[in-house]
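Fold and contact review
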Amino acid sequence: MKQNNIIKKVREESPLIHHITNYVTVNDCANITLAFGASPVMAHCIDEVEEMVSISSALVLNIGTIQSSSIEAFIKAGKKAISLGKPVIFDPVGCGASKLRSDVSKAIINEVKPSVIKGNMAEIKHLLFNKSNMKGVDSEESMKDAEKISVELALKTNAVVVTTGKVDYITDGKRIAAVSNGTSMLSKITGTGCMLNSIIASCCSVNNDYLVSSAVATSAMGICGETAEKNLNINEGSGTFRYRLIDAFYFIDDEKINKSGRIKIV
Amino acid sequence: MKQNNIIKKVREESPLIHHITNYVTVNDCANITLAFGASPVMAHCIDEVEEMVSISSALVLNIGTIQSSSIEAFIKAGKKAISLGKPVIFDPVGCGASKLRSDVSKAIINEVKPSVIKGNMAEIKHLLFNKSNMKGVDSEESMKDAEKISVELALKTNAVVVTTGKVDYITDGKRIAAVSNGTSMLSKITGTGCMLNSIIASCCSVNNDYLVSSAVATSAMGICGETAEKNLNINEGSGTFRYRLIDAFYFIDDEKINKSGRIKIV
Amino acid sequence: MKQNNIIKKVREESPLIHHITNYVTVNDCANITLAFGASPVMAHCIDEVEEMVSISSALVLNIGTIQSSSIEAFIKAGKKAISLGKPVIFDPVGCGASKLRSDVSKAIINEVKPSVIKGNMAEIKHLLFNKSNMKGVDSEESMKDAEKISVELALKTNAVVVTTGKVDYITDGKRIAAVSNGTSMLSKITGTGCMLNSIIASCCSVNNDYLVSSAVATSAMGICGETAEKNLNINEGSGTFRYRLIDAFYFIDDEKINKSGRIKIV
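First, a word on what this report is: a plain description of the structure on this page. (Residues numbered from 1 in each chain as written. Chains lettered and ligands numbered in written order. Predicted model: local features only at pLDDT ≥ 70, side-chain atom pairs only at ≥ 80, totals over all residues. Heavy atoms only, no water.)

1. Observations regarding the interface of chain A and chain B
In this complex, chain A contributes 31 residues to the contact, which on the side of chain B involves 28 residues. A combined buried area of about 2,500 Å² lies between chain A and chain B, and 53% of that area is made up of carbon and sulfur atoms. Applying the counting criterion to the chain A and chain B interface returns 1 salt bridge. A salt bridge links R101 of chain A to E48 of chain B; its shortest N-O distance comes to 2.7 Å. Across the chain A-chain B interface, the total number found is 13 residue pairs in polar contact (both at pLDDT 80 or more). When residues of the side of chain A that touches chain B are traced back to their parent elements, those giving at least two are α5 (99–112) and α10 (238–251) of chain A. (Contact = heavy atoms within 4.5 Å. Buried area = accessible area lost by both parts, 1.4 Å probe. Salt bridge = Lys/Arg side-chain N within 4 Å of Asp/Glu carboxyl O. Polar contact = N/O pair within 3.5 Å; in protein donor to acceptor, adjacent residues only side chain to side chain. Helix = DSSP H or I, 4+ residues; strand = E, 2+ residues; numbered from the N terminus.)

Dropping the structure here:
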């Protein structure tokens, strides 16, 4: 897949990525954004989100530790970003696990109309059918109809949909990219999904073909996971893997994506 | 002490551990839960805590960065968990350092009736006598009457009490386990107490003898600390120790507990 | 510069440092405080901040992830600390990027009268002139008039002003210290500014010449950054750098400051 030097552009332009995200993995999101060459800002107060969006190049909305009182800030920030033509990446973490998350997810999709929706199979399925069998925030759904479901949600929402799993599917409803990079170690640490949002947002902010940007970002996460795992010595587990993943993002470039990326347009 | 393959069961069943915990160490709690083979979910909004408890196998309540407005969610989640027969691990961080923390701790103990209460000597003493000489959140109390105090609080609350220190005492009021694993390096990083909650919760969710589960968990923390310290090279300090602790939990198994665990029933 | 064994004193007295800080880097602040030999407590609820200040030796106020509802707690804690003669370190993160942050910063400076104000050039300039050209929270301003601006703000606020950049300027309006330790790697991870607050607070709590304490703290951050970078092997990037920085603080002592510190009284 032709990918237009997206990472080079991120490192040159150092886009400011505004995150309204959960407090569990927010530090990892900030560090991976910096390692990737972009610049993070985290701000969630309703009194300032519109200003922060205005000086930023992309917005990440992640409901991982949502509070009822913060929903309005999500919507306000999201609408502002879209009105300014800036990409909004929405991660409906755990939607389906509680009514609150389901309601918030629907509201964000309907009112904000995000540019990219990224979730695991259970979350994407829940957004489409309003039901799923979830075990917390990790999907146990079969991936076999992931492709079909992703296309349906993309058509319904006009967003690029990124469905993560053993194979990641990225689609705008017409084109479909299947990314098969990665390692199971990525699920042994918290926050790889959240960090992926930061990378997608960084790529989308320098390249407005959001399908291509999201596919490159997703492949980058997989490749960096592979690199981090390859470097593990004996007695090194998920603790070491976590910082090596950041190291891998510090060194990733377009050449590595072109060489090791397993991105297939299906 | 006979310990029934608790860690093996955690890795097989991968129980979902619901945390309502502080924002300082929440990422470490999530990562150590994953390293240990369980699955973390962090959710604190009152509108969803009951649903999250319902799909989880255990609940951790930690008041490390409590807000007055969040007390109700702690109580609601805790009562729901107990009503469903799921273990509730309560950590009264810094109780005694402020009236708020003392009041919240009393309310949680009285209304939730937690399964396990875990604290340092100053916190446990404060819960029992409603006074202590605290320096912030770290105990400087002598440990000599730790055993006696722990038994008294266990009898008063019907909880398993875990009092951490040079020797950790775990008691249900009748049986007492003394655990003497560990290293002073564990106090050179933040969050080892919080991470211990996650490990206790994981063990309790697969083994309903909470005294044994808590003793195994406490011993595991000590052994993993010893392992992490042993692997330190020159110029490696608390930064390296921190991720090596997670690595050690990634590899811990029941055999290591049986071999290196210093658990004595006193 | 004569520096009075400040680090030795921190390690001997282990002062308790109360932080009201952002949730992005709060864990790093806690860990660096511990690595440096002090003791952290994080508490932001208005119902307990005065009690926490009372048992602490210094207070850090950092508005990195401010909410409108928490302003009152910042002011209350700050005023209490000053009334008790304890140093208050204020970091106006991103002031100038939103009206909220500008207003809060002004309120804290006017009502609390902090002992030390620490920011990058854009933030310090904004505090002085009420305008700046900011790109998010990272300064792109020229440093050439940093010295002059710092002196003016110090005279206006009666605080020691720390303006960070390639050269860091620390001034009480009369004396000026220029610190030229450091490496650009410090800007490749999040939180080095926030961590510096913890180190300044630790030093100020054992040495009440806040200019000297802040200069030593700032030099320590630069030296530890240099040490962490020097130890990087091939394929080790910002992920590794981050924990090596904590390691460096675990081993820093006054001798290293005296030997490697580039502190010039200008």
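2. Examining the side chain of E48 of chain C
Among the secondary structure elements, E48 of chain C is positioned in the loop between β2 (39–42) and α3 (49–55). Judged by relative accessible area, which is 0%, E48 of chain C ranks as buried. Discounting residues that sit within four places of it in the chain, E48 of chain C has contacts with I66, S98, L100 and R101 of chain B together with A43 of chain C. (Buried < 20%, exposed > 50% of the residue type's maximum accessible area, 1.4 Å probe, protein only.)

3. Details of the interface of chain C and chain A
With 31 residues of chain C at the contact, the number on the chain A side is 28 residues. Here chain C and chain A share 1 salt bridge between them. Here the element with the most residues in the side of chain C that touches chain A is helix α10 (residues 238–251) of chain C; it accounts for 5 residues. Among the residues making up the side of chain C that touches chain A, the classes are represented as 9 nonpolar, 14 polar and 8 charged. (Nonpolar A, V, L, I, M, F, W, Y, C, P; charged D, E, K, R; others polar.)

4. What to know about the pattern of salt bridges
A full pass over the atoms with the stated rule returns 34 salt bridges over all chains. When the shortest N-O distance is used, the salt bridge between R175 of chain B and D172 of chain B registers 3.0 Å. Residue R175 of chain B is classed as partly exposed on the basis of its relative accessible area of 36%. Put simply, D145 of chain C and K125 of chain C hold a salt bridge, and the shortest N to O gap is 4.0 Å. With D145 of chain C in the loop between α6 (121–129) and α7 (146–157) and K125 of chain C in helix α6, this residue pair connects regions lying 20 residues apart in the sequence. Sharing partners across several salt bridges, the network here consists of D172, R175 and D209 of chain A.

5. Notes on the environment of D172 of chain B
All names here are of chain B. Looking at the element boundaries, D172 is found in the loop between β7 (168–171) and β8 (176–179). Sequence-distant contacts of D172, that is, excluding residues within four places in its chain, are made with A154, A159, V160 and L211. Side-chain polar atoms of D172 contact the backbone nitrogen of K174, separated by 2.9 Å. Of the polar contacts made by the side chain of D172, one reaches the backbone nitrogen of R175; its length is 2.7 Å.

6. Remarks on the packing of aromatic side chains
Residues and elements named next belong to chain A. Applying the stated criterion to the full structure yields 9 aromatic pairs over all chains. Measuring from centroid to centroid gives 5.8 Å for F36 and F249, while their planes differ by 75°, and the two rings are edge-to-face. Residue F36 is located in the loop between α2 (26–35) and β2 (39–42), and its partner F249 is located in helix α10; the two are separated by 213 residues in the primary sequence. Each member of the pair, F36 together with F249, is buried. (Phe/Tyr/Trp six-rings, centres within 6.5 Å; stacked < 30°, edge-to-face > 60°.)

7. Some details on the relation of the copies chain A and chain B
It takes a turn of 120° to lay chain A on chain B, together with a shift of 0.0 Å along the axis; the resulting RMSD is 0.0 Å. Between the two chains, the operation in question is that of a three-fold axis. When C-alpha distances to the rotation axis are compared across chain A, the minimum falls at Y23 of chain A, with a value of 3.7 Å. Comparing contact sets, just 10% of the residues at the interface of chain A also lie at the interface in chain B, consistent with a heterologous contact between different surfaces. (Least-squares fit on C-alpha atoms with pLDDT ≥ 70 in both.)

8. Remarks on helix α2 (residues 26–35) of chain C
All names here are of chain C. By the criterion of burial, α2 is predominantly enclosed, with 10 of the 10 residues buried. V26, N27, D28, C29, A30, N31, I32, T33, L34 and A35 are the residues of α2 that are buried. Once α2 ends, the next one or two residues include G37, with phi positive near 100°.

9. Some words on helix α1 (residues 6–13) of chain C
Residue and element names in this part refer to chain C. Among all positions of α1, only I6, I7 and V10 are buried. Along the axis of α1, the buried positions cluster into a sector of 100°, meaning they face one direction only. Tucked into the core, α1 has its buried residues touching α8 (192–206), α9 (210–230) and α11 (254–260). (Arc of directions from axis to C-beta.)

10. Observations regarding the nonpolar core
Ranked by size, the top nonpolar core spans 96 residues in total, and within it L245 and F249 of chain A together with L245 and F249 of chain B carry the most contacts. Residues in contact with L245 of chain B, not counting those within four places in the same chain, are L186, I189, T192, M195, M221, C224, G225 and A228 of chain B. Residues A38, C224, A248 and I263 of chain C belong to the second largest nonpolar core, which totals 47 residues. (Core = buried A, V, L, I, M, F, W, Y, C linked by side-chain atoms within 4.5 Å.)

11. Quick notes on a positive patch on the surface
A contiguous patch of positive charge, built from R11, K230, K256 and K259 of chain A, is present on the exposed surface. Tracing the chain through its elements places R11 of chain A in helix α1 (residues 6–13). (Patch = residues over 30% accessible without salt bridge, like charges linked within 9 Å, V, L, I, M, F, W, Y side chains within 5 Å. Areas by Shrake-Rupley, 256 points an atom, 1.4 Å probe, with all protein chains shown as cover. Lys, Arg positive; Asp, Glu negative; His and termini not counted. Charge placed at Lys NZ, Arg CZ, Asp CG, Glu CD.)

12. Overview of the relation of the copies chain C and chain A
Superposition record for chain C on chain A: RMSD 0.0 Å, screw rotation 120°, translation along axis 0.0 Å. Looking at the interface residues of chain C, only 10% of them are also at the interface in chain A, so each copy uses its own face.

13. Examining the packing of α6 of chain C against α7 of chain C
All names here are of chain C. Between α6 and α7, the shortest axis-to-axis distance is 10 Å and the interhelical angle comes to 45°. As far as their axial angle goes, α7 and α6 are oblique. The crossing of α6 and α7 is left-handed. Seen from α6, the contacting residues are M121, I124, K125, L127, L128 and F129; seen from α7, they are A146, I149, E152, L153 and K156. (Axes fitted to C-alpha atoms, helices over the stretch in contact; angles between N-to-C directions. Parallel < 35°, antiparallel > 145°, perpendicular 65-115°, else oblique. Left-handed = near helix turned anticlockwise from the far one by under 90°.)

14. What to know about the pairing of strand β7 (residues 168–171) of chain C
Residue and element names in this part refer to chain C. Residues D168 and I170 point to one face of β7 and Y169 and T171 to the other, with burial holding for every one of them. Strand direction decides the pairing type here: strand β6 (residues 160–164) and β7, joined by 3 bridges, are antiparallel. Pairing of V162 across the sheet is with I170, part of β7. Taken together, β6 and the strand that follows it, β7, pair antiparallel across an intervening segment of 3 residues. Across 4 bridges, the pairing between β7 and strand β8 (residues 176–179) is antiparallel. When the bridges of β8 are listed, T171 appears paired with I176. Where β7 folds back on β8, the antiparallel hairpin that results is connected by 4 residues, among which G173 adopts a positive phi of roughly 100°. (Pairing = 2+ DSSP bridges.)

15. A word on empty space enclosed by the protein
The tally for this structure, following the rule as stated, stands at 2 cavities of 30 Å³ or more. Each pocket or cavity is described by its volume, and for the largest cavity that value is around 310 Å³. Lining the largest cavity are 24 residues, with R242 of chain A, R242 and Y243 of chain B together with R242 and Y243 of chain C positioned closest to its centre. Looking at the lining of the largest cavity, the elements that each hand over two or more residues are α2 and α10 of chain A, α2 (26–35) and α10 (238–251) of chain B together with α2 and α10 of chain C. Class assignment for the residues of the lining of the largest cavity results in 9 nonpolar, 9 polar and 6 charged. Of the volumes computed, that of the second largest cavity is approximately 100 Å³. Taken together, 16 residues form the lining of the second largest cavity, with N27 of chain A, V24 and N27 of chain B together with V24 and N27 of chain C sitting closest to its centre. Within the residue set of the lining of the second largest cavity, elements represented by two or more residues are α2 of chain A, α2 of chain B together with α2 of chain C. Looking at the lining of the second largest cavity, the element that brings in the most residues is α2 of chain C, giving 3 residues. For the lining of the second largest cavity, the residue count by class is 9 nonpolar, 3 polar and 4 charged. (1 Å grid on protein atoms, 1.4 Å probe; cavity = no way out; pocket = protein on both sides within 12 Å on 5 of 7 lines; lining within 4 Å. Points joined across faces, edges and corners; volume = space filled by probe spheres on them.)

16. Focus on the pairing of strand β4 (residues 88–91) of chain C
All names here are of chain C. The two faces of β4 match: V88 and F90 on one face and I89 and D91 on the other face are all buried. Bridge count between strand β3 (residues 58–62) and β4: 4 bridges; the pairing is parallel. Bridge pairing links V60 to I89 in β4. Each parallel crossover has a hand, and the one from β3 via helix α4 (residues 71–83) to β4 is right-handed. Bridge analysis of β4 against strand β5 (residues 116–120) gives 2 bridges, and the strand direction is parallel. Within β5, the position partnered with F90 by the bridge is I117. One crossover worth recording links β4 to the parallel β5 by way of helix α5 (residues 99–112), and it is right-handed. (Right-handed = clockwise from strand over helix to strand, strands pointing away.)

These values are about where atoms sit, not about what they do.
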